[in-house]
Amino acid sequence: MFTWALKKILGTSHEREIKRLRPLVAAVGDMEPRISALSDVELAAKTAEFKQKLENGAKLDDIQVEAFAVCREAGKRALKMRHFDVQLIGGMVLHKGMIAEMRTGEGKTLVATLACYLNALEGKGVHVVTVNDYLARRDSDQMGKLYGFLGLSTGVVVNSQGDAEKRRAYRCDITYGQNNEFGFDYLRDNMKFSALEYAQRELNFAIVDEVDSILIDEARTPLIISGQGEASSHRYKTINEIIPRLKKDEHYVVDEKAHSVSLTDEGVDMAQKLMGISNLYDPVNLESLHILNQCLRAHSLYKRDVNYLVSDDGKVLIIDEFTGRVLAGRRWSDGLHQAVEAKELVRIQEETRTMATVTFQNLFRLYNKLGGMTGTADTEAAEFHSTYKLSVVSIPTNKPALREDLEDLVYKTEREKFTAVVSEILECHEKGQPVLVGTTSVDKSGAISRILKKKSIPHAVLNAKHHEREAYVVAQAGRKGAITVSTNMAGRGTDIVLGGNPEMLAKLEFKEQGREPEAEPEEFQKAIERLEVSCRAEGDEVRANGGLHIVGTERHESRRIDNQLRGRAGRQGDPGSSHFFL
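Residues numbered from 1 in each chain as written. Predicted model: local features only at pLDDT ≥ 70, side-chain atom pairs only at ≥ 80, totals over all residues. Heavy atoms only, no water.

**Thoughts on the nonpolar core**
Here's step 1: Residues V93, Y117, Y147, I174, I207 and I395 are the most contacted members of the largest nonpolar core, which totals 53 residues.
Here's step 2: Per-element accounting of this core gives the leading share, ten residues, to helix α4 (residues 60-79).
Here's step 3: Once you skip the residues sitting within four places of it in the chain, I207 turns out to touch L94, A112, A115, C116, H127, V128, V129, G371 and M373.
Here's step 4: Formed by 33 residues, the second largest nonpolar core is a distinct cluster that contains W332, A339, V340 and A342. (Core = buried A, V, L, I, M, F, W, Y, C linked by side-chain atoms within 4.5 Å. Buried < 20%, exposed > 50% of the residue type's maximum accessible area, 1.4 Å probe, protein only. Helix = DSSP H or I, 4+ residues; strand = E, 2+ residues; numbered from the N terminus. Contact = heavy atoms within 4.5 Å.)

**Details of the environment of A460**
Here's step 1: Take A460: it is sitting in strand β16 (residues 460-462).
Here's step 2: Along the sequence, A460 and A477 sit 17 residues apart, while their C-alpha atoms lie 8.4 Å from each other.
Here's step 3: Setting aside anything within four residues of it in sequence, one finds A460 in contact with V473, I483, T484 and V485.

**With respect to unusual backbone geometry**
Outside of glycine, negative phi angles account for most residues, and trans bonds account for most peptide bonds.
Here's step 1: A positive phi angle, close to 50°, is found at E210, a residue other than glycine.
Here's step 2: Along the chain, E210 falls in the loop between β5 (205-209) and α10 (211-217).
Here's step 3: Positive phi outside glycine occurs at L345, with the angle close to 60°.
Here's step 4: Structurally, the position occupied by L345 is in the loop between α14 (336-343) and β11 (352-359).
Here's step 5: Exposure remark for L345: the relative accessible area of 74% places this residue in the exposed category.

**Topic: helix α13 (residues 286-300)**
Here's step 1: With 15 residues, α13 extends 21 Å from end C-alpha to end C-alpha; this agrees with the ideal 21 Å at 1.5 Å per step.
Here's step 2: Residues S288, L289, I291, L292, Q294, C295, L296, A298 and S300 constitute the buried set of α13. (Expected span 1.5 Å × (residues − 1).)

**Quick look at the state of the cysteines**
Here's step 1: Evaluation of the coordinates by the stated rule reveals zero disulfides.
Here's step 2: Here C71 stays free of any disulfide, with the sulfur of C116 as its closest cysteine sulfur at 8.7 Å.
Here's step 3: Using a relative accessible area of 0% as the deciding quantity, one classes C116 as buried. (Disulfide = S-S within 2.5 Å.)

**A look at the packing of aromatic side chains**
Here's step 1: Using the criterion set out here, one finds five aromatic pairs in the structure.
Here's step 2: An aromatic cluster is present here, built from F360, F364 and Y367 joined pairwise through their rings.
Here's step 3: Its end group placed over the ring of F205, K369 keeps NZ or CZ at 4.8 Å from the ring centre.
Here's step 4: Sitting over the ring of F418, K417 keeps its end group 5.4 Å from the ring centre. (Phe/Tyr/Trp six-rings, centres within 6.5 Å; stacked < 30°, edge-to-face > 60°. Lys NZ or Arg CZ within 6 Å of the ring centre and 35° of its normal.)

Here's what the structure looks like:
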């Protein structure tokens, strides 16, 4: 009660922080007429002027207001986008080394440009960390126009680059890349013989997009560079064959919460009998016991199309439980991956030996300053503060949110639930309202897709099996009557625009005709302008029908991921609704 009263009088910590930043926002606004009057050349020359001031002893905070005003003006000229006042607040929060919690669709990519530009003026490099390579490339291409206009260089680090290319990207003022890439490059540098060969410079300032996903969900995920280990693949095959003869609860006990499996006394006797061993716990048999435990885990805890999928060429690929994406090139350690390969009867690859390892938690603590952005961070504010010393500031939306979150519906059986889900999808489809159906696994998204196919209802599926098409599918998800069935992956990074995204539709049109947008820029621009008219008209129609409707088929164990799914609807003051079925 006392805390509630204090909040009423003094405001929440977020409100107090934003109140402190309002005068700076007003100062940036006051400068706008003067900065707007500058020519393109004069505006670009401001960068050199700021760098000179810093060399003469000025601090970044001294030039913050003018730098933000310059960046806002450059955004208007290079990107045809003007930073809103709330986006300026977001940029200030990032610059202070805090986390900006901004609702989906509030333009987080544009917010980052303010803090990037200001901090890049020091010449020590700024890293912008995204959740996948596609977003890193997209953001560096789009925002690179703004930085280039102001005379700064932009680089991007992705998986397949060589050493020289990586070094060039890290020497740029602003470098975009996926979290894994920054981590592995750090490890590779530490395995080199000389510091002169390092690709990365000193880790100065990082802005982490979708900060909750990277710093909390994946915080303890170790990045491992491994070398060749010893061969033991034939033993996985032989031990895997005895697993079906062991009975759950009688021979082994599964603890879902601790994610572990343990043999009972009867199980030990049975295993010894089947393997022809007198004592499983004899030091000579320790490797066999380890492989037996891993095979039990593979059979009872790891499910196909939920935790992993098997590719057409017989490789076991891990699926990230938080994003639903395939983690290409990653393997489970301690022989678990080999156990899953034995279970799926595919070629068992050799075990590997760890050469270098680091977790995201330890990697990002190495930066001199760290900022982050996400739509859902306040629920983990205490953890951010205790682990990373990062405060969370909730940024108000530019326009009031109109999304309606309906009460959850709970059913006795899964069949009843899916029947209700499909009838709700049909109801929305008939009135022309687009629907995004969120599931927690590839398996479930496939089940819903099969039901819709039986009823001959056109729909698109977004899951770990169709990664490349993701951006194109999401671009269409806001069209009239569109149905998109998706795992958690659609929750991140790509905006759903009501009526369709004209630029993406134009890219798709060119792709289908075998043409390259870069080769015919004028034709591509005409196609965008043509599609803009139809998308705008369709968008108005969709808004009249209630906007995007979100259907959640189950709750994720992390409330934040549910909020991320909900946040796909009702962006930038658009109408929308969400409904969870359990």
